[in-house]
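Residue-level structure breakdown
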Amino acid sequence: MVVHSQSTALDHCSLIKTCKPTTSVFNGIPVVNLRDPEAKTLIVKACEEYGFFKLVNHSVPMEFTTRLETEALKFFNFPQSDKDKAGPPDPFGYGCKMIGSNGDMGWIEYLLLNANPQITSHKTHTFFRENPENFRSAVDDYIQAVKRMTFEVVELMADGLKIEPRDALSRPLRDDKSDSCFRLNHYPPCPAFQALSGRNLIGFGEHTDPQIISVLRSNNTSGLQICLKDKTWVSVPPDQTSFFINVGDALQVMTNGRLRSVKHRY
Ligand SMILES: C=C1C[C@]23C[C@@]1(O)CC[C@H]2[C@@]12CC[C@H](O)[C@@](C)(C(=O)O1)[C@H]2[C@@H]3C(=O)O
Ligand SMILES: O=C(O)CCC(=O)C(=O)O
Ligand SMILES: [Fe+2]
């Protein structure tokens with residue numbers, strides 16, 4: 001009986017990819033202090049080599065991040081039928097296991113929303129109408145603070161690359177019509193699978209982000225992996241007080257390939 005119930009759980013995720021739990025922890029992720037006078041040079045160096053770096057001493061109050069995490073967990077703890085009311089994703093809204101429109105599957109549930117109040121999809125609008133006001137204010141405060149920090153990072157990049165004017169790269173982000181988005185990812189634990197197979201489930205399969213830049217923040221759980229230039233996958237040590245910045249495809253193109261859009265997965 002016990003074996004039967006476990007194998008049913010495995011059948012359920014037969015289309016979800018797995019990986020060996022042997023990826024090595026990488027301690028060489030560049031760390032940039034946003035207040036360091038050398039920040040612009042260090043950011044460019046990190047983005048050329050890895051397309052990825054950890055940002056410390058940033059301006060986003062921890063209180064915003066904690067409040068957002070609390071509200072997000074409340075949402076993900078709702079009964080499935082309630083969460084499904086915010087789906088299926090179009091691409092905005094609540095999604096579970098199916099990621100994007102090309103059939104990718106992962107051990108994940110997520111909420112994708114517009115980050116720009118001027119460009120709000122029907123799904124984002126409905127979501128906020130039907131969910132507690134606390135959630136909306138936590139999301140708004142967080143987005144506002146992270147955007148401000150991101151503009152600064154991208155302008156430092158332009159300085160470091162000697163691109164003029166210094167808002168040449170950040171202008172599309174600052175634009176009132178910017179289509180920037182905000183994503184909450186939740187990776188539910190699945191210890192039974194791990195115990196039975198000896199493998200790790202892939203939450204969000206390997207991809208590059210199509211945007212200019214992505215700002216990641218996670219709790220103290222490891223899982224994020226990046227692909228180095230030599231094609232090896234390494235695990236990023238978590239740090240819940242910092243942000244991880246990754247270069248997206250658009251920024252790689254805007255810099256003629258000088259900055260590297262990093263392949264990553266979770
Ligand atoms: C599997 C996928 C989901 C995604 C499109 C993609 O094919 C690869 C990139 C994914 C991503 C990551 C950043 C954003 O959250 C997103 C909306 C985007 O533009 O690219 C998602 C896409 C998605 O969830 O639809
Ligand atoms: O959840 C993460 O840390 C990574 C997710 C990711 O790559 C994405 O949302 O594009
Ligand atoms: Fe990504």
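Summarised in this report is the structure supplied together with it. As the structure is a prediction and not an experimental result, all values here were calculated from the model.

From N to C terminus, the protein includes nine helices and 13 strands. Overall, the protein is about 65 × 45 × 35 Å in size when its C-alpha atoms are taken along their principal axes. Of the contacts made within the protein by residues no fewer than 6 positions apart, 70% connect residues no fewer than 24 positions apart. For the protein, the exposed surface amounts to about 14,100 Å²; the carbon and sulfur share of it is 54%. Taken together, the 30 basic and 30 acidic charged side chains of the protein have centroids lying 3 Å from each other.

In the structure shown here, the tally under the stated rule is 17 salt bridges. Between Lys 83 and Glu 109 there is a salt bridge; the shortest N-O distance is 2.8 Å. Of this pair, Lys 83 sits in helix α4 (residues 80-84) while Glu 109 sits in strand β6 (residues 104-114), and the two are 26 residues apart along the sequence. Residue Glu 109 is classed as buried on the basis of its relative accessible area of 5%. A salt bridge links Arg 174 to Glu 155; the shortest N-O distance between them is 2.9 Å.

Protein coordination at the iron ion (ligand 3): the donors are His 207 (NE2), Asp 209 (OD) and His 264 (NE2), at 2.1 to 2.2 Å from the metal. Between the donor residues of the iron ion (ligand 3), the gaps in sequence give the motif H-x1-D-x54-H. When its relative accessible area of 11% is taken as the criterion, Asp 209 is described as buried.

So, on to the site of ligand 1. Taken together, Ile 99, Gly 100, Asn 102, Asp 104, Leu 112, Arg 183, His 207, Thr 208, Asp 209, Pro 210 and Gln 211 form the complete shell of residues around ligand 1. Within the contact set of ligand 1, an oxygen atom lies 3.3 Å away from a side-chain nitrogen or oxygen of Asn 102. Contacts to ligand 1 include Arg 183, whose side-chain N or O atom sits 2.7 Å from an oxygen atom. Taken by itself ligand 1 offers 470 Å² of open surface, and the protein chains cover 78% of this. Tallied by class, the residues present in the shell around ligand 1 amount to three nonpolar, five polar and three charged.

Our next topic: helix α6 (residues 133-161). In this model, α6 (29 residues) spans 42 Å end to end at C-alpha, consistent with the 42 Å of a helix rising 1.5 Å per residue. Note on α6: the residue one or two positions beyond its end, Lys 162, has a positive phi of about 60°.

Turning to the site of ligand 2, a few remarks are in order. Taken together, Arg 183, Asn 185, Tyr 187, Phe 204, His 207, Asp 209, Leu 224, His 264 and Tyr 266 make up all the residues around ligand 2. The separation between an oxygen atom of ligand 2 and a polar side-chain atom of Asp 209 is 3.3 Å. In the environment of ligand 2, an oxygen atom lies 3.0 Å from a nitrogen or oxygen atom belonging to the side chain of His 264. Burial of ligand 2 by the protein amounts to 88% of the accessible area it has alone, namely 300 Å². Residues of the shell around ligand 2, tallied by class, amount to four nonpolar, three polar and two charged.

We now examine the sheet that holds strand β12 (residues 243-247). Taken together, the four strands give an open sheet; going across it, the order is β3-β4-β12-β9, and neighbouring strands pair in mixed fashion. With partners counted over all chains shown, the strands left at the sheet margins are β3 (31-33) and β9 (213-216), one partner each. Going from strand to strand, the sheet's axes swing by 30° on average, the running direction of each strand aside. Direction of pairing for strand β4 (residues 52-56) relative to β12: antiparallel, over a ladder of four bridges. Paired with Leu 55 across the strands is Phe 243, a residue of β12.

Our focus in this paragraph is the sheet that holds β6. Read from one edge of the open sheet, three strands run β5-β6-β7, paired in antiparallel fashion. The open sheet is flanked by β5 (93-99) and β7 (181-186), the only strands paired with a single partner. Within this sheet the neighbouring strands show an average axis-to-axis angle of 30°, counted without direction. Contacts from helix α3 (residues 62-76) reach β5, β6 and β7 within the one sheet, and its direction differs from that of β7 by about 60°. On top of the sheet, α6 reaches β6 and β7; it is set at about 115° to β7, its chief contact.

All right, on to the layout of surface pockets then. Regions of empty space are outlined by a rolling probe, equal in size to a water molecule, passed over the atoms. In this model, the second largest pocket occupies a volume close to 270 Å³. Lining the second largest pocket are 15 residues, with Ala 115, Asn 116, Pro 117, Ile 143 and Lys 147 sitting closest to its centre. Take the lining of the second largest pocket: its biggest share by element is eight residues, from α6. Within the lining of the second largest pocket, the residues separate by chemical class into six nonpolar, five polar and four charged.

Cut-off values and rules
Every chain's residues receive numbers from 1 upward, in the order its sequence appears when written. Think of it this way: whatever chain is written first is A, whatever ligand is written first is 1, and the rest follow in order. Per-residue local features of the predicted model are confined to residues with pLDDT of at least 70, and side-chain atom pairs are confined, for both listing and counting, to 80 or more; whole-chain, interface and lining totals are unaffected and use all residues. In computing side-chain properties, one takes all heavy atoms of the structure into account and sets aside hydrogens as well as water. Helix and strand labels come from DSSP, where a helix needs a run of H or I of at least four residues and a strand needs a run of E of at least two; each type is numbered from the N terminus. Any two residues whose heavy atoms approach within 4.5 Å at even a single point are treated as in contact. Accessible surface is estimated by sampling points in the Shrake-Rupley manner with a 1.4 Å probe; for residues, cover comes only from the protein chains shown. By the counting scheme adopted, Arg and Lys are positive, Glu and Asp are negative, and His together with the chain ends is not counted. Where a charge lies is defined by one atom per residue type, namely NZ (Lys), CZ (Arg), CG (Asp) and CD (Glu). By definition here, a salt bridge exists when the distance from a side-chain nitrogen of Lys or Arg to a carboxyl oxygen of Asp or Glu is within 4 Å. Partly exposed describes any residue whose relative accessible area lies between the buried limit of under 20% and the exposed limit of over 50%, with all areas from a 1.4 Å probe on protein chains only and scaled to the type maximum. Donor atoms are limited to N, O and S found within 2.8 Å of the metal ion, a distance that becomes 3.2 Å for Na, K and Ca. With water left out, some sites might look partial. Nearness is judged by heavy atoms alone; a residue qualifies as near a molecule or strand once a single heavy atom is within 4 Å of it. Pairing of N or O atoms within 3.5 Å defines a polar contact, subject to two protein rules: one partner must be a possible hydrogen donor and the other a possible acceptor, and residues neighboring in sequence count only if both atoms are side-chain atoms. Think of it as three bins: nonpolar holds Ala, Val, Leu, Ile, Met, Phe, Trp, Tyr, Cys and Pro, charged holds Asp, Glu, Lys and Arg, and polar takes everything else, Gly as well. For a helix, the expected span equals 1.5 Å multiplied by the number of residues minus one. A pair of strands is labelled paired if DSSP reports no fewer than 2 bridges between them. Note on geometry: axes are lines fitted to C-alpha atoms, helical ones only across the stretch in contact, with angles between N-to-C directions running from 0 to 180 degrees. Both cavities and pockets are sets of points on a 1 Å grid over the protein atoms alone; in a cavity a 1.4 Å probe fits but cannot get out, in a pocket the set is open with protein on both sides within 12 Å along at least five of seven lines, and lining residues sit with an atom within 4 Å of a point. Grid points are joined across faces, edges and corners, and a volume is the space filled by probe spheres set on the points.

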